[in-house]
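Structural description and commentary
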Amino acid sequence: YDLVRNGTWTDLLLKRRFKLKTVKAEADDSSAAMEIESDSEKNEVYEEKESVLVESKDGTQLWDAVIKAVAKNAEDKVTGYRVHYEGWSSRFDEWVSEDRVVEANDNNREIQEAMRKDASVTRDGLPAALESMEASSYLHSKDRARGNSPLPDFGKIAHVPPSATDDDTIFATMKAALLAIEAALPLGSINHTEG
């Protein structure tokens, strides 16, 4: 999870793209190292019907996919893969460069889950930690005290830099929670008169 939050995942992918032998990242809170494993580093070729993970175009997700075809150049070097994303219609099948494809092993699955967790937000932009709030079910109800004002960007409010302390993270999350509660209040629950 720390690899995604502190941006190390992107660095690891760039290093893999330039074919460095082994890539390791030290976790911030432990002495354990996490190694990104990729068959492209070993110059192995994925076969048709093999399950893999494919990096999204923006580099924020790893998607489950199956190799449909392999493209090679005149020197028999892999130049890309035709992939089918599991659970998606075949109209979303696409050709991807070989550096976006990684093995679907346990280590890479952990990174995939961390990326999903980091990107997990509701349609209202509430962070995953606030999805279970009762107020979230009333954000789009009629007759809210906020009237027709747009919802604040809860994800932006709750976002903290990777260097933030635990207290900063808690404060930002609580600020987003309070704003969600305020946005969900029914009409008439706030007294706008002075005095």
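Before reading on, note that the structure itself is shown above.
Below is a short write-up of the structure.

Definitions and cut-offs
- Residues numbered from 1 in each chain as written.
- Predicted model: local features only at pLDDT ≥ 70, side-chain atom pairs only at ≥ 80, totals over all residues.
- Heavy atoms only, no water.
- Buried < 20%, exposed > 50% of the residue type's maximum accessible area, 1.4 Å probe, protein only.
- Helix = DSSP H or I, 4+ residues; strand = E, 2+ residues; numbered from the N terminus.
- Pairing = 2+ DSSP bridges.
- Axes fitted to C-alpha atoms, helices over the stretch in contact; angles between N-to-C directions.
- Polar contact = N/O pair within 3.5 Å; in protein donor to acceptor, adjacent residues only side chain to side chain.
- Contact = heavy atoms within 4.5 Å.
- Core = buried A, V, L, I, M, F, W, Y, C linked by side-chain atoms within 4.5 Å.
- Expected span 1.5 Å × (residues − 1).

Buried residues dominate strand S5 (residues 78-85), accounting for 6 of its 8 residues. In terms of strand pairing, strand S4 (residues 62-72) meets S5 through 7 bridges, oriented antiparallel. Directly across from Ala-71, in S5, lies its bridge partner Gly-80. Hairpin connection between S4 and S5: a loop of 5 residues separates the two successive antiparallel strands, and Asp-76 in this loop has a positive phi of roughly 65°.

Turning our eyes to something else, we now look at the sheet that holds S5. As summarised here, the arrangement of the 5 strands in space is S6-S5-S4-S3-S7, forming an open sheet in which the pairing is antiparallel. The open sheet has two edge strands, strand S6 (94-96) and strand S7 (101-103), and neither has a second partner. Taking each pair of neighbouring strands and ignoring which way they run, the sheet shows an average axis angle of 50°. Of the pairings in the sheet, the one linking strand S3 (residues 51-55) to S4 comprises 5 bridges and is antiparallel in character. Counterpart to Val-52 in the pairing with S4 is Ala-65.

What follows is about unusual backbone geometry. One non-glycine residue, Asp-76, adopts positive backbone phi at about 65°. With respect to the element layout, Asp-76 can be found in the loop between S4 and S5. Judged by relative accessible area, Asp-76 falls into the exposed class, the value being 53%. Of note, Asp-143 is a non-glycine position whose phi angle comes to about 60°, a positive value. Relative to the helices and strands, Asp-143 resides in the loop between helix H3 (106-119) and helix H4 (154-158).

Attention now moves to the pairing of S3. Within S3, 4 of the 5 residues are buried, leaving the element largely enclosed by the surrounding structure. Pairing geometry for S3 and S7, over 3 bridges, is antiparallel. Pairing of Leu-53 across the sheet is with Val-102, part of S7.

A few words on the side chain of His-84. Turning to its location among the elements, His-84 is positioned in strand S5. Separated by 3.4 Å, the side chain of His-84 and the backbone oxygen of Trp-88 make a polar contact. A polar contact of 2.6 Å, which involves the side chain of His-84, links it to the side chain of Asp-93. Once residues within four sequence positions are removed from consideration, His-84 is found in contact with Asp-64, Ala-65, Val-66, Lys-68, Ser-89, Ser-90 and Asp-93.

Residues Leu-126, Leu-130, Met-133, Ala-135, Leu-139, Phe-154, Ala-158, Ala-176, Ala-177, Ala-180, Ala-183 and Ala-184 constitute the largest nonpolar core, which totals 12 residues. Elements supplying a minimum of two residues to this core: H4 and helix H5 (166-184). Top element by residues in this core is H5. It accounts for 5 residues. For Leu-130, the contacting residues outside a window of four places in its chain are Thr-173, Ala-176 and Ala-177. Membership of the second largest hydrophobic core comes to 11 residues, among which are Val-52, Ile-67, Tyr-85 and Val-101.

Looking now at H5. Between its first and last C-alpha atoms H5 spans 27 Å; for 19 residues at 1.5 Å apiece the expected length is 27 Å, and the two agree. Those residues of H5 hidden inside the fold are in contact with H4.

Everything listed here is a matter of geometry and, on its own, says nothing about what the molecule does.
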